Amino acid sequence: MSTRNSESYHLVAAAIDYLRTHQDAQPSLGELAKALGVSESTLQRRFSEWAGVSPKRFLQILTLNRARAALTRQ
């Protein structure tokens, strides 16, 4: 894995962890980028390349899955 690929992997892994941890707050792309110390455009591009969806869509999926799980428990 090249250094750039390794950096991108770690950035996306950190973004996913942040989104999972802070999903109740529904952080914006700007908030996420600031927390990770990168620009919004860099985060958007790298996240989409690695995850196949945008950070916003990933957060929507997390939220939907959590809601489904809550409904199933009732």
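Quick caveat, the model's predicted, so the values are computed rather than measured.

Some words on the packing of helix H2 (residues 29–36) against helix H3 (residues 40–51)
Where H2 contacts H3, the two axes come as close as 9 Å, and the packing angle between them is 95°. Considered as vectors, H2 and H3 are oriented roughly perpendicular to each other. Counting all contacts with H2, which are made through Leu29, Gly30, Leu32, Ala33 and Leu36, the residues of H3 involved are Glu40, Leu43 and Gln44. For the contact of H2 with H3, the per-class residue count stands at five nonpolar, two polar and one charged.

What to know about the environment of leucine 32
Its location among the elements puts leucine 32 in helix H2. Given the relative accessible area of 1%, leucine 32 is considered buried. Considered as a pair, leucine 32 and isoleucine 16 are 16 residues apart in the sequence and their alpha carbons are 9.9 Å apart. Leaving out residues up to four positions away in the same chain, leucine 32 has contacts with Ala15, Tyr18, Leu19, Leu43 and Pro55.

Observations concerning the confidence of the model for the chain
The predicted coordinates ought not to be read in detail in places where the model reports low pLDDT. The predicted model of the chain has a mean per-residue pLDDT of 94, with 96% of residues at 70 or higher. Put simply, helix H1 (residues 3–21) is where the chain has its lowest mean pLDDT, 93, and H2 is where it has its highest, 98.

Details of the pattern of salt bridges
One pass over the full model with this rule turns up one salt bridge. Residue aspartate 24 is joined to arginine 66 by a salt bridge in which the shortest nitrogen-to-oxygen separation is 2.2 Å. Here arginine 66 lies in helix H4 (residues 55–73) and aspartate 24 lies in the loop between H1 and H2, a separation of 42 residues in the sequence. On the accessibility criterion, arginine 66 (42% relative accessible area) is partly exposed.

Concerning the nonpolar core
Membership of the largest hydrophobic core is limited to 12 residues, which are Leu11, Val12, Ala15, Ile16, Leu19, Leu32, Ala33, Leu43, Phe47, Phe58, Leu59 and Leu62. Secondary-structure elements contributing two or more residues to this core are H1, H2, H3 and H4. For this core, the element with the highest residue contribution is H1, accounting for five residues. In this structure, valine 12 is in contact with Arg46, Phe47 and Trp50, ignoring residues within four places of it in sequence.

The rules behind these values
Residues numbered from 1 in each chain as written. Predicted model: local features only at pLDDT ≥ 70, side-chain atom pairs only at ≥ 80, totals over all residues. Heavy atoms only, no water. Axes fitted to C-alpha atoms, helices over the stretch in contact; angles between N-to-C directions. Helix = DSSP H or I, 4+ residues; strand = E, 2+ residues; numbered from the N terminus. Parallel < 35°, antiparallel > 145°, perpendicular 65-115°, else oblique. Contact = heavy atoms within 4.5 Å. Nonpolar A, V, L, I, M, F, W, Y, C, P; charged D, E, K, R; others polar. Buried < 20%, exposed > 50% of the residue type's maximum accessible area, 1.4 Å probe, protein only. pLDDT = per-residue confidence, 0-100. Salt bridge = Lys/Arg side-chain N within 4 Å of Asp/Glu carboxyl O. Core = buried A, V, L, I, M, F, W, Y, C linked by side-chain atoms within 4.5 Å.

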